[in-house]
Amino acid sequence: MRSWSSPSVPELPGTGPVPRIHDTASQGLANAVGHEEGRVGVYVCGITPYDATHMGHAATYVAFDTLQRAWRDAGFEVRYVQNVTDVDDPLIERADATGVEWRELAEEQTNLFRWDMESLGVLPPDEFIAVTEVIDEVAAAVDTLLETGFAYRVAAPNAVEDGATDVYFDVQRAGEQTPWTLGEESNYDLPTMLSLFAERGGDPDREGKRDPLDPLLWLSAREGEPAWDTTVGRGRPGWHIECAVIALQHLDDVTVQGGGSDLIFPHHEMSAGHASALTGQDFACLYSHAGMVAYEGEKMSKSLGNLVLVSKLRAKGIDPRAIRLALLANHYRSDWEWTADTLSTAEERLQRWLPLAGVVGAGAGAGAGAGAGTGEPVSAADLRDRVREHLANDLDAPAALAAIDDWVDGNPGATSPEAVAVIHALLGVDLTADPDARPPHHHS
Ligand code: 5CA
Ligand code: ZN
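Caption draft 1: Expanded view of the coordination of the zinc ion (ligand 2). Listed as protein donors to the zinc ion (ligand 2) are Cys45 (SG), Cys243 (SG) and His267 (NE2); their distances from the metal cover 2.0 to 2.3 Å. The site at the zinc ion (ligand 2) holds four donor atoms, and with the angles between them running 103 to 118°, its shape is tetrahedral. Counting the intervening residues between successive donors of the zinc ion (ligand 2) yields the motif C-x197-C-x23-H. Note that cysteine 45 is positioned in the loop between β3 (39–44) and α1 (55–73) and histidine 267 in helix α8 (residues 264–279), a separation of 222 residues in sequence. A relative accessible area of 1% means that histidine 267 is categorised as buried.

Have a look at this one:
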């Protein structure tokens with residue numbers, strides 16, 4: 001599928017340190033490196049295209065964008081793959097409820113997402129793959145899992161065709177015969193797994209399964225639902241196999257499997273299991289998860305409807321660079337709440353930084369810090385080193401922002417092309433851009 005346009009990323013003098021990030025599987029910090037020297041591959045789970053793009057989505061993609069920028073600055077060649085779950089239960093339900101065709105809903109929302117990512121300065125994936133583009137590949141993988149005994153069929157009495165079967169993944173067998181075992185990625189105990197499985201699309205009580213935690217690989221055609229004729233039968237892919245297949249198809253080396261922390265289990269656990277059963281090898285080197293953004297006291301989620309959308313803020317004339325700074329002001333691994341202050345603080349910060357590029361912001365003038373000199377005097381090269389160090393330390397963007405604030409305070413009124421380049425390359429905020437010069441929103 002078409003991705004989106006890449007923002008420019010200035011090259012900085014020298015190279016940054018190899019980034020270290022938290023790995024969910026080993027529960028500690030690890031060098032974000034793969035099997036091949038100087039090359040990394042990252043798979044970040046993409047949107048299910050409805051109610052896009054809310055601040056939770058945006059925070060997660062900006063977090064992995066920061067990782068990419070740190071990698072590039074450290075001299076790595078990065079290959080980035082992202083999916084779009086354009087066929088799944090919640091999308092179909094939403095399409096039905098609103099009387100829109102599911103394909104149309106997915107296309108319109110994916111366009112909106114592309115536009116939001118572009119406006120936030122997020123680097124595009126090299127491969128942006130919709131599930132509907134890989135139906136045959138998923139079916140082939142399910143066939144392989146059936147042949148190798150990692151998958152089995154379960155009667156589906158409510159399917160369209162008489163005698164149809166759904167296909168499930170055998171977690172016990174995979175645990176015995178592959179490098180993967182249940183819980184190795186998430187580190188969750190059984191009761192936690194069972195409750196999260198039920199909560200996040202699993203069906204622990206489905207009759208005929210060998211283990212309550214066995215996840216669906218293939219759903220045979222149901223009345224009124226999308227289905228494809230394939231080698232495993234007429235139907236559609238399960239959720240976890242989709243990401244395993246796309247990642248394996250487009251990356252030689254999955255250095256990092258990423259997404260929000262709501263994907264730790266079952267999604268990334270099961271994707272890792274499926275991939276291990278298909279290849280006989282470990283799936284990703286590292287599993288990286290962004291914290292959950294809340295709003296009005298609860299996780300921002302499509303099912304609750306407590307959403308702040310990037311596109312709505314932009315329609316109100318909010319500078320997307322302020323949105324990006326608002327997201328970066330929270331450590332990517334923490335759970336945090338979006339409030340009105342989140343945005344106003346970021347807007348003030350942007351105004352304080354704009355003079356670095358010789359732009360006098362609306363709120364500047366006798367603005368914050370002018371003449372205050374509270375920060376220590378450091379050179380722009382020192383600032384670059386500090387920002388690099390903070391980002392290499394588990395993507396500590398809040399510390400990087402604070403270092404820049406200090407620098408601005410310590411150099412009141414200064415313009416600095418070096419500082420501007422650091423902010424542009426590593427934080428994805430271009431202080432020289434004219435926010436009003438962006439093309440108007442293009443509808444699908
Ligand atoms: N299509 C699947 C992944 S294969 C999916 O989870 N789609 S999604 O649209 O629900 O979420 C897209 C990404 O945003 C995922 O990485 C998810 O973990 C992340 N995400 C969703 N809600 C939040 C939130 N409130 N805070 C932070 N990240 C979130
Ligand atoms: Zn996924």
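Caption draft 2: Up close: the environment of glutamate 107. In this fold, glutamate 107 is placed in helix α3 (residues 102–119). Given the relative accessible area of 53%, glutamate 107 is considered exposed. The spacing of glutamate 107 and proline 49 is 58 residues in sequence and 7.7 Å in space, taken between C-alpha atoms.

Caption draft 3: Focus on the sheet that holds strand β13 (residues 293–295). Within the open sheet, the three strands sit side by side as β14-β13-β15. Their pairing is mixed. This sheet does not close on itself; its edge strands, each paired only once, are β14 (298–299) and β15 (336–338).

Caption draft 4: Main features of the site of ligand 1. Close contacts around ligand 1 come from 24 residues, with Gly46, Thr60, Thr85, Asp262 and Lys302 the closest. In isolation ligand 1 has 600 Å² of accessible area, and contact with the protein removes 95% of it. Counting residues per element, the ones that place at least two in the shell around ligand 1 are α1, α7 (239–250) and β11 (256–260). Sort the elements by how many residues they give to the shell around ligand 1 and α1 lands first, with four residues. Tallied by class, residues from the shell around ligand 1 come to nine nonpolar, 12 polar and three charged.

Caption draft 5: Seen up close, the sheet that holds strand β9 (residues 228–230). Ordered by their spatial adjacency, five strands build an open sheet running β6-β7-β8-β10-β9, and the pairing between neighbours is antiparallel. Of all the strands in the sheet, just β6 (151–155) and β9 have a single pairing partner and so form its edges. Direction aside, neighbouring strands of the sheet carry axes that sit 40° apart on average. Sheet topology places strand β7 (residues 165–169) next to strand β8 (residues 216–220); two bridges connect them, and they run antiparallel. Across the sheet, the residue bridging to valine 167 is tryptophan 218, located in β8.

Caption draft 6: Geometry of the side chain of histidine 424. One can find histidine 424 in helix α14 (residues 417–427). By relative accessible area, which is 12% here, histidine 424 ends up buried. In terms of polar contacts, histidine 424 uses its side chain to reach the backbone carbonyl oxygen of serine 8, at 3.2 Å. Residues within four places of histidine 424 in sequence aside, it is in contact with Ser8, Pro10, Arg69, Val429 and Asp430.

Caption draft 7: Layout of the nonpolar core. Residues Met55, Trp338 and Trp353 are the most contacted members of the largest nonpolar core, which totals 75 residues. Those residues within four positions of tryptophan 338 in sequence are excluded, and the remaining contacts are Met55, Val293, Ala294, Tyr295, Met300, Val308, Leu313, Ala326, Leu327 and Leu343. Ile129, Val138, Ala247 and Ala272 belong to the second-largest nonpolar core, a separate cluster that totals 52 residues.

Caption draft 8: Main features of empty space enclosed by the protein. Scanning the model with the defined rule gives two cavities of 30 Å³ or more in all. Volume-wise, the largest cavity comes out at about 130 Å³. Looking at the largest cavity, it is lined by 16 residues, and the ones nearest its centre are Ala59, Ala63, Leu327, Asn330 and Tyr332. Elements with a contribution of two residues or more to the lining of the largest cavity: α1 and α10 (320–328). Looking at which element gives the most residues to the lining of the largest cavity, the answer is α1, with five residues. Along the lines of polarity and charge, the residues of the lining of the largest cavity split into 10 nonpolar, six polar and no charged. There is about 30 Å³ of room inside the second largest cavity. Along its surface, the second largest cavity is lined by Pro17, Ala70, Asp73, Arg388, Leu391, Ala392 and Leu426. Mapped by element, the contributors of at least two residues to the lining of the second largest cavity are α1 and α12 (380–392). Among the elements that take part in the lining of the second largest cavity, α12 stands out by supplying three residues, more than any other. Grouping the amino acids of the lining of the second largest cavity by side-chain chemistry returns five nonpolar, no polar and two charged.

Caption draft 9: Inspection of the packing of aromatic side chains at higher detail. Counted according to the given criterion, the structure contains nine aromatic pairs. Judged by centre distance (5.3 Å) and plane angle (75°), the ring pair of tyrosine 61 and phenylalanine 113 falls under edge-to-face. Taken together, the residues span a long stretch of sequence, with tyrosine 61 in helix α1 and phenylalanine 113 in helix α3 at a distance of 52 residues. Residue tyrosine 61 is classed as buried on the basis of its relative accessible area, which comes to 4%. Accessibility expressed as a relative area gives 0% for phenylalanine 113, which makes it buried. Ring plane angle 40° and centroid distance 6.3 Å describe the contact between tryptophan 336 and tryptophan 338, whose orientation is recorded as tilted. Since its relative accessible area comes to 9%, tryptophan 336 is described here as buried.

Caption draft 10: Highlighting the confidence of the model for the chain. Confidence in the prediction of the chain, expressed as mean pLDDT, is 93, and 94% of residues score 70 or more. For residues 363–373, every residue scores under 50 in pLDDT, and the model assigns this stretch 11 contacts once sequence neighbours within four places are set aside.

Caption draft 11: Representation of helix α2 (residues 89–98) in the model. Three or more residues of α2 are buried, namely Leu91, Ile92 and Ala95. Buried residues of α2 fall within an arc of 95° about the axis and therefore sit on the same side. Along α2, exposed side chains directed more than 90 degrees from the buried face belong to Glu93 and Ala97. Contact partners of the buried residues in α2: α3 and β10 (233–237). Glycine 99 sits one or two positions beyond α2 and adopts a positive phi of about 70°.

What counts and how
Residues numbered from 1 in each chain as written. Chains lettered and ligands numbered in written order. Predicted model: local features only at pLDDT ≥ 70, side-chain atom pairs only at ≥ 80, totals over all residues. Heavy atoms only, no water. Donors = N, O, S within 2.8 Å, 3.2 Å for Na, K, Ca; no water. Tetrahedral: all angles 85-135°; square planar, octahedral: opposite > 155°, others 65-115°. Helix = DSSP H or I, 4+ residues; strand = E, 2+ residues; numbered from the N terminus. Buried < 20%, exposed > 50% of the residue type's maximum accessible area, 1.4 Å probe, protein only. Pairing = 2+ DSSP bridges. Near = heavy atom within 4 Å. Areas by Shrake-Rupley, 256 points an atom, 1.4 Å probe, with all protein chains shown as cover. Nonpolar A, V, L, I, M, F, W, Y, C, P; charged D, E, K, R; others polar. Axes fitted to C-alpha atoms, helices over the stretch in contact; angles between N-to-C directions. Polar contact = N/O pair within 3.5 Å; in protein donor to acceptor, adjacent residues only side chain to side chain. Contact = heavy atoms within 4.5 Å. Core = buried A, V, L, I, M, F, W, Y, C linked by side-chain atoms within 4.5 Å. 1 Å grid on protein atoms, 1.4 Å probe; cavity = no way out; pocket = protein on both sides within 12 Å on 5 of 7 lines; lining within 4 Å. Points joined across faces, edges and corners; volume = space filled by probe spheres on them. Phe/Tyr/Trp six-rings, centres within 6.5 Å; stacked < 30°, edge-to-face > 60°. pLDDT = per-residue confidence, 0-100. Arc of directions from axis to C-beta.

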